[in-house]
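Understanding the architecture of this molecule
In case you want the letters, here they are:
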Protein chains: 2
Amino acid sequence: MARREKIPPASPEQRDTYHHGDLKRALTEAALGLVSEKGPKGFTLREVARRAGVSAAAPYRHFADKADLLAAVATQGFVQLHETLNAVAAETTDLHARMVNMARAYVYWAVSHPDYYQAMFGAETDKSDHPELLTAGGRAFADLLDAIAQCQEAGILPNGDPLEIAGPTWSLLHGISTLSIGHDLSHVGIRDDPQALAERSLKALLLA
Amino acid sequence: MARREKIPPASPEQRDTYHHGDLKRALTEAALGLVSEKGPKGFTLREVARRAGVSAAAPYRHFADKADLLAAVATQGFVQLHETLNAVAAETTDLHARMVNMARAYVYWAVSHPDYYQAMFGAETDKSDHPELLTAGGRAFADLLDAIAQCQEAGILPNGDPLEIAGPTWSLLHGISTLSIGHDLSHVGIRDDPQALAERSLKALLLA
DNA sequence: ACCTGAACACCGTTCAAGT
DNA sequence: ACCTGAACACCGTTCAAGT
């Protein structure tokens, strides 16, 4: 009775076999839940399989190994981050405010989803082995790049390769995010307010 | 013959029993080696014990658990980083150059010791549980803080709480370090030159 | 084609027992 | 006091066998 019941697929051509309807999706969703409950640390393939109601060997039909499933989780994280940044960019017309709001949104999303963020940037995931993870990450980064390019066109930022500005900016936001998640800011006596820190730092970095 | 021979302790009051001379030190050194060989990922307590030539249970006489031993490794990392920063500060008299050189030294040490850096800032280590790790980290951070304070006295940086400047600065250097270690810079098309990026970013952040 | 059951080679951790 | 040996409850992964 502890097991969750399998939801039969809605499509009528699927018979009621012992087969799972869409195990791949069920596994990624179980993995998503497990990561946000216990972090990538307490993430085990066997537990994911248990939650999906299948045997420990079943995931290997759909994922090469544990790292492959974790990469799928990280990919979802980048998709979410991209959607968040995109929404903020769309709802802010003033270019100056847009940069600030995107910076605040970036760190806010990161500290609100520490386990996703860790799956996305932690050492357990090597992006080179997972091309779809690279493209998802690239899309989120492109949001930042676009905002910078538009500021350059408007004369708010100095002209040149947007990457030259995106490098320091992303490093700053990533650093604030990871230090805040690890409680390292407060450990050395810095007030743990990542959004305020991001806004203040970004202004110092770009708009001096 | 694969096992390393135990080095008998020099102190004469130690008899030649089956006891290890200084197992705690031997374990941390084995752990240090293992971390820099395979990273904190391939770090297992049983392998550390094997390298020290003791049983799998022996480490528990000296460390509460695996995390406690990893914290000892991280502490050593902070000690090394502190010594590095301190040396750079001592050998550069010009305050402007000192800030830049310390920034370059920070990211260079980080990317040269990715496994230590991961042990120091990775999610597997919770600093709150290990006070000696907090103090070691605090000492390294104090190097940055001191350099900033001296720049403020010399009028190179604006007056006020040094923490207000240290927060953005550390975030920036930490972000550059972790993104470079994870190969995330090159993945999005940024040239992976952390020292150059650190110098350029720091100047934009502080000396505008 | 997709999944199970059992197995293999590991883990971290505990605890009685040895010296 | 310090360490060993054996045990427990787990892992990730593989593979024959089932449906």
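Residues numbered from 1 in each chain as written. Chains lettered and ligands numbered in written order. Predicted model: local features only at pLDDT ≥ 70, side-chain atom pairs only at ≥ 80, totals over all residues. Heavy atoms only, no water.

Some details on the packing of helix α4 (residues 95-112) of chain B against helix α5 (residues 114-121) of chain B
Residue and element names in this part refer to chain B.
- Their axes nearest at 5 Å, the elements α4 and α5 cross at an angle of 100°. Judged by the angle between their axes, α4 and α5 are roughly perpendicular. In this structure, α4 uses Tyr106, Trp109, Ala110, Val111 and Ser112 to contact α5, whose residues at the interface are Pro114, Tyr116, Tyr117, Met120 and Phe121.
- A breakdown of the residues in the contact of α4 with α5 according to their chemical character gives nine nonpolar, one polar and no charged. (Axes fitted to C-alpha atoms, helices over the stretch in contact; angles between N-to-C directions. Helix = DSSP H or I, 4+ residues; strand = E, 2+ residues; numbered from the N terminus. Parallel < 35°, antiparallel > 145°, perpendicular 65-115°, else oblique. Contact = heavy atoms within 4.5 Å. Nonpolar A, V, L, I, M, F, W, Y, C, P; charged D, E, K, R; others polar.)

Comments concerning the side chain of Ser201 of chain A
- On the secondary structure map, Ser201 of chain A appears in helix α9 (residues 194-206).
- With sequence-adjacent residues up to four places away left out, Ser201 of chain A is seen in contact with Leu172 and Ile176 of chain A together with Pro168 and Leu205 of chain B.

Looking at the relation of the copies chain A and chain B
- Mapping chain A onto chain B calls for a rotation angle of 180° and an axial translation of 0.0 Å; the resulting RMSD is 0.0 Å. Interpreted geometrically, this transformation is the action of a two-fold axis. (Least-squares fit on C-alpha atoms with pLDDT ≥ 70 in both.)

Examining the pattern of salt bridges
All names here are of chain A.
- In total, this model carries 18 salt bridges over all chains according to the counting rule given.
- Where Glu37 meets Arg51, a salt bridge forms, and the shortest distance between an N and an O atom there is 3.0 Å. Of the two residues, Glu37 is situated in helix α1 (residues 23-38) and Arg51 in helix α2 (residues 45-52); the sequence distance between them amounts to 14 residues.
- The exposure class assigned to Arg51 is partly exposed, which follows from its relative accessible area of 23%. (Salt bridge = Lys/Arg side-chain N within 4 Å of Asp/Glu carboxyl O. Buried < 20%, exposed > 50% of the residue type's maximum accessible area, 1.4 Å probe, protein only.)

Things to note about the environment of Gln76 of chain B
- Here Gln76 of chain B shows up in helix α3 (residues 66-91).
- Linking Gln76 of chain B and Met120 of chain B, residues 44 residues apart in sequence, is a C-alpha distance of 9.1 Å.

A short note on the layout of surface pockets
- Taken as a whole, the largest pocket holds about 1,500 Å³ of empty space.
- Contributing to the lining of the largest pocket are 50 residues, with Ala123 and Glu124 of chain A together with Gly122, Ala123 and Glu124 of chain B lying nearest its centre.
- Its residues assigned to classes, the lining of the largest pocket comprises 20 nonpolar, 15 polar and 15 charged. (1 Å grid on protein atoms, 1.4 Å probe; cavity = no way out; pocket = protein on both sides within 12 Å on 5 of 7 lines; lining within 4 Å. Points joined across faces, edges and corners; volume = space filled by probe spheres on them.)

Quick notes on unusual backbone geometry
Residues and elements named next belong to chain A.
- In the Ramachandran plot, His183 falls in the positive-phi region, its phi being about 60° despite a non-glycine side chain.
- If you trace the backbone, His183 turns up in the loop between α7 (162-181) and α8 (184-187).
- You can call His183 partly exposed: its relative accessible area is 43%.

Some thoughts on the interface of chain A and chain B
- Contact residues are listed per partner, giving 33 residues for chain A and 33 residues for chain B.
- Summed over both partners, the interface of chain A with chain B comes to about 2,900 Å²; 68% of that surface belongs to carbon and sulfur atoms.
- Linking chain A with chain B are four salt bridges, by the criterion used here.
- Residues Lys127 of chain B and Asp184 of chain A are paired through a salt bridge, measuring 2.7 Å at the closest nitrogen-oxygen approach.
- Taken together, the connections running from chain A to chain B amount to seven residue pairs in polar contact (both at pLDDT 80 or more).
- Counting only elements with at least two residues in the side of chain A that touches chain B, the list comes to α5 (114-121), α6 (131-153), α7, α8 and α9 of chain A.
- Looking at the side of chain A that touches chain B, the element that brings in the most residues is α7 of chain A, giving 12 residues.
- Considered class by class, the residues forming the side of chain A that touches chain B number 17 nonpolar, 10 polar and six charged. (Buried area = accessible area lost by both parts, 1.4 Å probe. Polar contact = N/O pair within 3.5 Å; in protein donor to acceptor, adjacent residues only side chain to side chain.)

Looking at the packing of aromatic side chains
- Enumeration according to the criterion identifies 12 aromatic pairs over all chains in this entry.
- Consider the rings of Tyr106 of chain B and Tyr117 of chain B, whose centres lie 6.1 Å apart with planes at 85°: the pair is edge-to-face. You can see Tyr106 of chain B sitting in helix α4 and its partner Tyr117 of chain B sitting in helix α5, a full 11 residues away along the chain. Note on accessibility: Tyr106 of chain B and Tyr117 of chain B belong to one class, buried.
- Grouped by ring-pair contacts, the aromatic residues Phe78, Tyr106, Tyr117, Phe121, Phe141 and Trp170 of chain A constitute a single cluster.
- Taking the ring centre of Phe63 of chain A as reference, the NZ or CZ of Lys24 of chain A above it sits at 5.4 Å. (Phe/Tyr/Trp six-rings, centres within 6.5 Å; stacked < 30°, edge-to-face > 60°. Lys NZ or Arg CZ within 6 Å of the ring centre and 35° of its normal.)

Section: the side chain of Thr125 of chain B
All names here are of chain B.
- Assignment of secondary structure puts Thr125 in the loop between α5 and α6 (131-153).
- A polar contact is formed between the side chain of Thr125 and the backbone oxygen of Ala119, at a distance of 3.0 Å.
- Leave out the neighbours within four places in its chain, and Thr125 touches Leu70, Ala71, Ala119 and Leu133.

Considerations on α5 of chain A
- Of all eight residues that make up α5 of chain A, six are buried, and the element is covered over most of its length.
- Along α5 of chain A, the residues classified as buried are Asp115, Tyr116, Tyr117, Ala119, Met120 and Phe121 of chain A.

Overview of the packing of α7 of chain A against α9 of chain A
All names here are of chain A.
- Contact geometry for α7 and α9: axes closest at 10 Å, N-to-C directions at 160°. Judged by the inter-axis angle, α7 sits roughly antiparallel to α9. The element α7 and its partner α9 pack so that their crossing is right-handed. Between α7 and α9, the contacting residues are Ile165, Pro168, Thr169, Leu172, Leu173, Ile176 and Ser180 on the first element and Pro194, Leu197, Ala198, Ser201, Leu202, Leu205 and Leu206 on the second.
- Tallied by class, residues from the contact of α7 with α9 come to 11 nonpolar, three polar and no charged. (Left-handed = near helix turned anticlockwise from the far one by under 90°.)

Thoughts on the nonpolar core
- Ranked by internal contacts, the top residues of the largest apolar core, which has 130 residues, are Tyr106 and Trp170 of chain A together with Tyr106 of chain B.
- Ignoring any residue separated from it by four or fewer positions in sequence, one finds Tyr106 of chain A in contact with Leu81, Leu85, Tyr117, Phe121, Trp170, Leu173, His174 and Ser177 of chain A. (Core = buried A, V, L, I, M, F, W, Y, C linked by side-chain atoms within 4.5 Å.)

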